[in-house]
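# Tertiary structure, described
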Amino acid sequence: MRTRILRIDADKPQKEKIAQAATAIRKGKVVVFPTETVYGIGANALDARACREIFRVKGREGDNPLIVHVSDMEMACGIGRIDGRNRKILARVWPAPLTVVVKSTGKVPRSVTGGLDTIAIRMPDNKVALELIGKAGVPIAAPSANPSKMPSSTAFRHALRYFKGKVDVIIGSKDSRLGLESTVLDLRTFAILRPGVFTKRDIETAFGRKARVDAVTKGEKGVTKAISPGTKYRHYAPSTPLFMYTGRKSALTGILSGIRTRYAFIGTDEACSMLPIGKGRKIQLGRRRDMGDIARNLFDALIRVDSIGADFAVVESFSDSGIGLAIMNRLRKASSHSGFSDAKGLLILLKRYGIGAHEDNKVQSSH
Ligand code: TXA
Ligand code: MG
C-alpha cells in the first residue's frame, strides 16, 4: 500500500493538509495522527469496517476496545452517556490526557468497543488531532500507533517505522508532549483502569472525589481479571529481554560488574553516570527528579534498546507516586514482571531466559 505522508505544523496546522486527512477518515481510511500522549492509529469510529482495519493492521485482539476521540462535548455526548455533573467537569478538564469510560449510547458499533456496552472517550490536547476530528466531523477511534504488544509511538519516526506501507495516511508532526498514553478512568466505579500523566491527584482535584487505585492500575503480575481488557495482554515489550532493578541504587554497579555478556541499561542520568559501561549501551531517560522527562523519553528508550544488540537490558525502577505510577505500570509490563533486587535475583533471571553462558556471569554479592 502507498502511504501518503502529510507533514503538519503542530502550532499552525495547514488547513489543506488537515482537509486531506479528514477526507481520508470520511472515506473509511486509516490515518496515523499525533496526540499529546502518543501517536494514534485512527479511523471513523462510526464505520465498523474502517475500524476493523485498525485491529488487523495492529494485530490487536478483537475484545480489546478502542478509545474514541472527540473534538467537542456534543460529539462526546452523542456516543457516551455522560451525566450532567460529569459533563460540566469534563467541559472544564478537556482537552486533556484523560479518557473516561461510560455507558455507550450505541452509536459506535460494538465491534469498536470490544463487544462491550461501555465506551472509552477522550478529547486530546493537540491542535492537529482536534482539527482533524473537527474537520472530519465524526468521532475517531484510535489506539496507540504501535503493532500490538510493542512500545507505543511517541514520534513521527516511530510511526513511520511501524506503519509505512500499511496505512493510508501518516501525519508527521512534533514528538508527543507527554509520552505516555492517557489515564483511563471508569466513571461508573471511579477506578483508574490505566494510570497516565493525568494523575490520581489531578482526577481527585477535578472531580472532588477519591479515585480507586488497585493492582490493575499498578500493572502488577497475576492480574487476569479483565476490567479494562487491554490490561490483560503483554505490552510495551522490546525484543531484548528487559529486567527491572528494584534494589538499592548504590548497589547496582556492584551487581552488574560480574556480568560477562553484553547488556544495556535504561535509567536516569544519575544512574547512567555511575555505570562503567560504554555510552552506546546506556539510554538516559532524564534527571531523576524530572519525572515528566522520564515519562516523555520512556517509549523511545524501549524502542531504541533493540538496536543496541544486547543480550538483555536492565531498567531502573521508580516510586509509584504521581507520574511514577504510570511509568511503573508501563515498566512492569515491558519487563514482563521480571525484576531483581540483588545479584542472586539477576542470575536466576539470566538462567530462566537462557542468556549467555550464565555460568560465566560471576555476579558478585551485592553486599
Ligand atoms: O493516550 C491514549 O489514550 C492513546 C492516544 C492515541 O489517544 N490511545 C491509546 O489507546 O492508548 P489504546 O487502544 O492503546 O489503549 C486503550 C485502553 C486499553 O487498555 C483498553 O482496554 C481501554 O483503553 N479501554 C477502551 N475501551 C474501554 C472500555 N469500554 N472499558 C474499559 N477499558 C477500555
Ligand atoms: Mg496501546
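Residues numbered from 1 in each chain as written. Chains lettered and ligands numbered in written order. Predicted model: local features only at pLDDT ≥ 70, side-chain atom pairs only at ≥ 80, totals over all residues. Heavy atoms only, no water.

Time to look at the overall build of the protein chain. Across its full length, the protein chain carries 13 helices and 16 strands. Radius of gyration (C-alpha) of the protein chain: 21 Å, near the 21 Å computed for a compact globule of 367 residues. Here the C-alpha coordinates of the protein chain stretch approximately 60 × 45 × 35 Å along the principal axes. Within the protein chain, the proportion of its 367 residues that are buried is 58%. Approximately 15,500 Å² of the protein chain is accessible, and the part contributed by carbon and sulfur atoms is 49%. (Helix = DSSP H or I, 4+ residues; strand = E, 2+ residues; numbered from the N terminus. Rg over C-alpha atoms; globule rule 2.2 N^0.38 Å. Buried < 20%, exposed > 50% of the residue type's maximum accessible area, 1.4 Å probe, protein only. Areas by Shrake-Rupley, 256 points an atom, 1.4 Å probe, with all protein chains shown as cover.)

Let us look at the sheet that holds strand β16 (residues 339–340). Pairing within the open sheet is parallel, and its five strands lie in the order β14-β13-β15-β12-β16. Of all strands in the sheet, those with a lone pairing partner are β14 (282–284) and β16, marking the two edges. One ladder, built from four bridges, connects strand β12 (residues 242–245) with strand β15 (residues 312–316); its direction is parallel. Considered in β15, the bridge of Leu242 is made with Ala313. (Pairing = 2+ DSSP bridges.)

Moving on: the pattern of salt bridges. Here the structure, examined in full by the defined rule, presents 17 salt bridges. Taking the shortest distance from any N to any O, the salt bridge between Arg177 and Asp125 comes out at 3.0 Å. Of this pair, Arg177 sits in the loop between β9 (169–172) and β10 (183–186) while Asp125 sits in the loop between β7 (118–122) and α5 (127–136), and the two are 52 residues apart along the sequence. Glu181 is paired through a salt bridge with Arg330; the nearest N and O atoms lie 2.8 Å apart. With Glu181 in the loop between β9 and β10 and Arg330 in helix α12 (residues 324–334), the pair connects residues that are 149 residues apart, well separated along the chain. Like Arg330, Glu181 is buried. When salt bridges that share partners are traced, they join Arg157, Asp300 and Arg304 into one network. (Salt bridge = Lys/Arg side-chain N within 4 Å of Asp/Glu carboxyl O.)

Along its sequence, the protein chain is organised into domain 1 (4–218) and domain 2 (242–360). The gap between the C-alpha centroids of domain 1 and domain 2 is 30 Å. On the side of domain 2, 17 residues touch domain 1, which itself brings 23 residues to the contact. For domain 1, the biggest contributors to the area lost against domain 2 are Leu180, Pro195 and Lys218; these three give 35% of the whole. Taken together, the links from domain 1 to domain 2 amount to two salt bridges. (Domains from an automatic or database assignment. Contact = heavy atoms within 4.5 Å. Buried area = accessible area lost by both parts, 1.4 Å probe.)

Glancing now at helix α11 (residues 291–304). The terminal C-alpha atoms of α11 lie 20 Å apart, and with 14 residues this matches the ideal 20 Å at 1.5 Å per residue to within 8%. The largest bend along α11 measures about 40° and falls at Leu298. Turning to α11, its buried residues are Ile294, Ala295, Leu298, Phe299, Asp300, Ala301, Leu302 and Ile303. (Expected span 1.5 Å × (residues − 1). Bend = angle between axes of the 7 residues up to and from the residue.)

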